[in-house]
Amino acid sequence: MLRTALRNLLAHKARQIMTVLAVCLGVAFVSGTLVFADSTAEAHRAAASKSFADIAVTVTAKASPSGTPADPQTSVLDDALVRKLAAVPGVATVRPSADGSAALNAADGTPLRVKPGANPAGAYVPGADGKDSRYPLLKGHAPRHSGELAVDQGTAAAGHFSIGDTITLATDGPVMTKRLVGIVSTKDTRVTAGGTLALFDKATAQKLFATPGHYTGIDLSAAPGTDQFQLSRRVTDMLPADRAEATTGAGQAAQQAILVDTLTRGYEKLPMVFAGVSLFIGSFLIVNTFTMLVARRTREIALLRAIGASRRQVARSVLLEALLVGLVASAVGFVLGLGIASVLPDVLSTGGNTLPHGPLVIGPSSVMAALAVGVGVTVLAAWLPSRRAARIAPVEAMRTTEQPPSATRSRIRGAVGLGLLVIGAGWLVSLSGAKDASEANLQSAMFGCSLLVVALIVLAPLLAVPVIRLTGRLTGRFGVVGRLAQENALRDPRRTAATAATLLISTALVAGLAVIGNSTGQALDRQAAAGLGADYVISSRTTTTGVDPAAVRRVADTSGVRTASAVTDSSLFTGGGAADISGVDPDTVNDVMKLDFVSGSVKDLGPGRIAVSQTVARKNGVTSGGQLNARIGLKQEFKKYTVVGVYKDNPIAHDALGARTEVSKNSFMPGSVQRILVRTDNGTVSKTTEEQLRAAVGNSPLLKVQDRRQLVDEAAGTMADLLNVMYGMLAIGAVIGALGIVNTLAMSVSERTREIGALRAIGMDRAGIRRMIRLEAVTVAAFGTLLGLVGGVFGAWAVGSLANGALEQYSLALPWGPLLLLCLVSLAIGALAAAVPARRAAALSPLEAVAEA
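What you see is a predicted model, and the numbers here were worked out from it, not measured in a lab.

1. Quick look at the nonpolar core
Step number 1: Of all hydrophobic cores here, the largest spans 25 residues; its most connected members are Phe290, Val294, Ile301 and Ala389.
Step number 2: Sort the elements by how many residues they give to this core and helix 11 (residues 311–348) lands first, with six residues.
Step number 3: Of all hydrophobic cores here, the second largest spans 22 residues; its members include Ala833, Ala838, Ala841 and Ala842.

2. Brief notes about the packing of aromatic side chains
Step number 1: On inspection of all chains with the given rule, the structure shows four aromatic pairs.
Step number 2: Aromatic pair tryptophan 427 and phenylalanine 447: ring centres 5.1 Å apart, planes at 65 degrees, arrangement edge-to-face. With tryptophan 427 in helix 14 (residues 407–432) and phenylalanine 447 in helix 15 (residues 439–475), this pair connects stretches of sequence that are 20 residues apart.
Step number 3: Phenylalanine 447 sits in the partly exposed class, given a relative accessible area of 43%.
Step number 4: Pairing phenylalanine 794 with tryptophan 797 gives two aromatic rings, centres 5.6 Å apart and planes at 40 degrees, and the pair type is tilted. Separated by three residues within a single helix, phenylalanine 794 and tryptophan 797 lie in helix 26 (residues 766–802), roughly one turn from each other.
Step number 5: Seen from the ring of phenylalanine 573, arginine 631 lies directly overhead, with NZ or CZ sitting 5.1 Å from the centre.
Step number 6: Lysine 639 extends its terminal NZ or CZ atom over the ring of tyrosine 641, reaching a point 5.0 Å from the ring centre.

3. Some details on the sheet that holds strand 13 (residues 244–248)
Step number 1: Here we have four strands laid out as an open sheet, ordered 2-12-1-13, and antiparallel in their pairing. A single partner strand is all that each edge strand has here, and the edge strands are strand 2 (91–97) and strand 13. Sheet twist, expressed as the mean angle between neighbouring strand axes with direction ignored, is 20 degrees.
Step number 2: In this structure, strand 1 (residues 57–61) lies alongside strand 12 (residues 217–222), joined through four bridges in antiparallel fashion. Residue pairing across strands places valine 57 opposite leucine 220, the latter belonging to strand 12.
Step number 3: Of the strands in this sheet, strand 1, strand 2 and strand 12 are in contact with helix 3 (residues 79–86), which crosses strand 2 at around 165 degrees.
Step number 4: Lying over the sheet, helix 7 (residues 228–238) contacts strand 1, strand 2, strand 12 and strand 13, oriented at roughly 175 degrees with respect to strand 13.

4. Regarding the packing of helix 27 (residues 816–833) against helix 28 (residues 835–842)
Step number 1: Across the interface, helix 27 lies against helix 28 with an axial gap of 5 Å and an inter-helix angle of 35 degrees. Contacts from Ala831, Leu832 and Ala833 of helix 27 reach helix 28 at Ala835, Val836 and Pro837.
Step number 2: Looking at the contact of helix 27 with helix 28 residue by residue, the class counts come to six nonpolar, no polar and no charged.

5. Remarks on the pairing of strand 6 (residues 120–123)
Step number 1: Strand direction decides the pairing type here: strand 3 (residues 100–101) and strand 6, joined by two bridges, are antiparallel. Paired with glycine 100 across the bridge in strand 6 is alanine 121.
Step number 2: Sheet topology note: the strand 6/strand 11 (residues 198–200) ladder contains three bridges and is parallel. Residue pairing in the sheet places alanine 123 in a bridge with phenylalanine 200 of strand 11.

6. Regarding unusual backbone geometry
Step number 1: Within the chain, histidine 160 stands out as a residue other than glycine whose phi angle is a positive 60 degrees.
Step number 2: With respect to the helices and strands, the residue histidine 160 is situated in the loop between helix 4 (153–159) and strand 9 (166–170).
Step number 3: For histidine 160, a relative accessible area of 62% gives the class exposed.
Step number 4: The backbone phi angle of histidine 654 is positive, close to 70 degrees, even though this residue is not glycine.

7. Considerations on the packing of helix 12 (residues 364–381) against helix 13 (residues 383–390)
Step number 1: For the pair helix 12 and helix 13, interaxial distance at closest approach is 4 Å and the crossing angle is 35 degrees. Counting all contacts with helix 12, which are made through Val379, Leu380 and Ala381, the residues of helix 13 involved are Trp383, Leu384 and Pro385.
Step number 2: Partitioned by chemical class, the residues of the contact of helix 12 with helix 13 number six nonpolar, no polar and no charged.

8. Some details on the pattern of salt bridges
Once the charged atoms of two side chains with opposite charge are near each other, the side chains can pair.
Step number 1: Applying the stated rule across the entire model yields 13 salt bridges.
Step number 2: Here arginine 562 and aspartate 591 are joined by a salt bridge, their closest N and O atoms 3.1 Å apart. With a gap of 29 residues between them, arginine 562 in strand 15 (residues 561–574) and aspartate 591 in helix 19 (residues 589–592) connect regions that are remote in the sequence.
Step number 3: Look at aspartate 591 and you get buried, because its relative accessible area is 17%.
Step number 4: Note that lysine 665 and glutamate 662 form a salt bridge whose closest N and O atoms lie 3.8 Å from each other. Within this pair, lysine 665 and its partner glutamate 662 are both found in helix 21 (residues 660–666), separated by three residues, close to a single helical turn.
Step number 5: Connected via shared salt-bridge partners are Arg562, Asp591 and Arg679.

Cut-offs applied
Residues numbered from 1 in each chain as written. Predicted model: local features only at pLDDT ≥ 70, side-chain atom pairs only at ≥ 80, totals over all residues. Heavy atoms only, no water. Core = buried A, V, L, I, M, F, W, Y, C linked by side-chain atoms within 4.5 Å. Buried < 20%, exposed > 50% of the residue type's maximum accessible area, 1.4 Å probe, protein only. Helix = DSSP H or I, 4+ residues; strand = E, 2+ residues; numbered from the N terminus. Phe/Tyr/Trp six-rings, centres within 6.5 Å; stacked < 30°, edge-to-face > 60°. Lys NZ or Arg CZ within 6 Å of the ring centre and 35° of its normal. Pairing = 2+ DSSP bridges. Axes fitted to C-alpha atoms, helices over the stretch in contact; angles between N-to-C directions. Contact = heavy atoms within 4.5 Å. Nonpolar A, V, L, I, M, F, W, Y, C, P; charged D, E, K, R; others polar. Salt bridge = Lys/Arg side-chain N within 4 Å of Asp/Glu carboxyl O.

Printed below as a string of structure tokens:
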């Protein structure tokens, strides 16, 4: 039986190549992603180790037990401590630092790579030789006074800076301008991973990030032969235990590697999604291929049974073929995966996030995963065909045609499929009224969608006849060849359904994502129109900084501005949980927010008086005129607030409204402003107005000036990522779907050799044969696409209805253009996949084909 399996594998190697290619895609993505993740992690660790290679111990101020950062005014990290540390045995050099963060504008005035944790800034600290070993100078000279600045070469290149340029930057306050005097190199992985670096003279850095005469950290290098852990213990012994602490360089390198990994985390998820999709769709191609091969070899298997082969031996021979195919696919896929891993850092280094390069790390887990995925999927997918082969009786050797499935089996299949359809559809319908996009509900909806797709796949052979007869009205327009194409597709509904399954799945996924994306985009548009009365919103790019309160007056004085209303955002803690509260000016808020009060009025806001959204009112059981026990921020004690109004949920107003004077004094950053809502004369939105508003806030790189359209686009950023995933899944589904159609048609042409010869003998020309095969492929593609559209749109309706709880404006909106394009692409895939089988069929000689036994 082993020789028989090998012989069959070699005899049908052309068809098995299609299976190998399908499995290769999944294996390549899985192994490539794992190798990429291991290689990137190792590169992060190596880069971080280089960054801290010369640091044995770092001394920093100790945070309070509650986690509050140390007060710079009382820091013990001063020049006196620097001198004490220099005298510790084993210390070679001491380098004090004053570090923080700074956001820069590029030469064209746009913010440069502003991201949390990726914009370090500090002091250039020259040693005895006048140089800072941590930041070797490449051009110019080091900053010498408060008006000078140095940046690293990556920042200079990204911002298009040259020595002598004036650079606009901000730390956590007003905008500053400084002259670029030096360009340095750095090994800091936060910078090399796509961040920026700004260096000041020591006095300026101390003023910005600590206090004059104090530091944020002191780095020590070890003398030759001194272990950094021993040195750390010596340093710890001489530090005030409650005010300072020592950390080894190795520990800091590990922490920074984790930080950089966090900044770039998630890049391996997208390839894994593609891997899952390709393997899932490819499994249907494997099932279909082995099913057709078993059907083709019915007489051969029956003869084996007649001469003594047991059912178990027959099943094992089929599984052995699958095992060999899986091994080949795993090997080829793993090699392709190495290629994917090598290019992923460049492909995913977008948006300013640069992934480190390094040698590929090929661990045993990657190799074992490739084997497990390739072999496991192939063998599992071939299990059902192997059982079918084992059931072939010896008497089948006497038959010349394949027997259709029994009526009993068809009825069982129909009952199972109908049951799954009812359960899946019922499951989704039951969730549609939840209007709660919680993780549990979304997972439940995904389970219901999976049941629905499985039900359609099970029912597909039974649905093939009515659906293809319906679509046959279109192919019938092509005359005899069209009718023949329809009948050929109906000849074996099971094979047609299995071939169409790949397109069914990919179409359902893409259609569902397209509908959800389009519906969400329109909901965000309606939500912005319903809740925002302002034409522009000025806000901070980070959660740790706000808008300069003095900028509110400058914005209000800008030409063309009708109203500039400052908003302070904070947290409101109640018995119903935490909520967001916006501190507003009761006199101007109606000009910049579209508030729909169910009861009460925003004019009544003041000390001890707040308004809440309907959701907060419902959770806490309060109404207008009632009392709510709550606190604003963390510093205030709980107190009774009078609820002066209840308004419909509004994402711009957040969960509650209070007077800005009340919220501001109790916020996390007292006196701060988080947003400025700007209403222009006559609703004017233009590039000129935007530039004037940017100028009014000092063109700070920490601030965003966005009109309504930009706010909607930012909120819909996740949808844009979903659309990219959608196109990727469509491409994978198209490739595997095309392979499946090629496989099916190639075997179909082989089985119908005499039939095609007869058609040629009675007058059908080569063009007619080619057209018949192409129309058959298009018919199969249309069948899979139609079922996929139905399943995808229904699933999108059910999943999308959950979003109504988070997006009140959400409603189902079909993207007719993308859906039409999806249909055309699927039909084109069918037509293109038929090119080779159609050419082969047309090349058959009529006499040889008719004469074939």
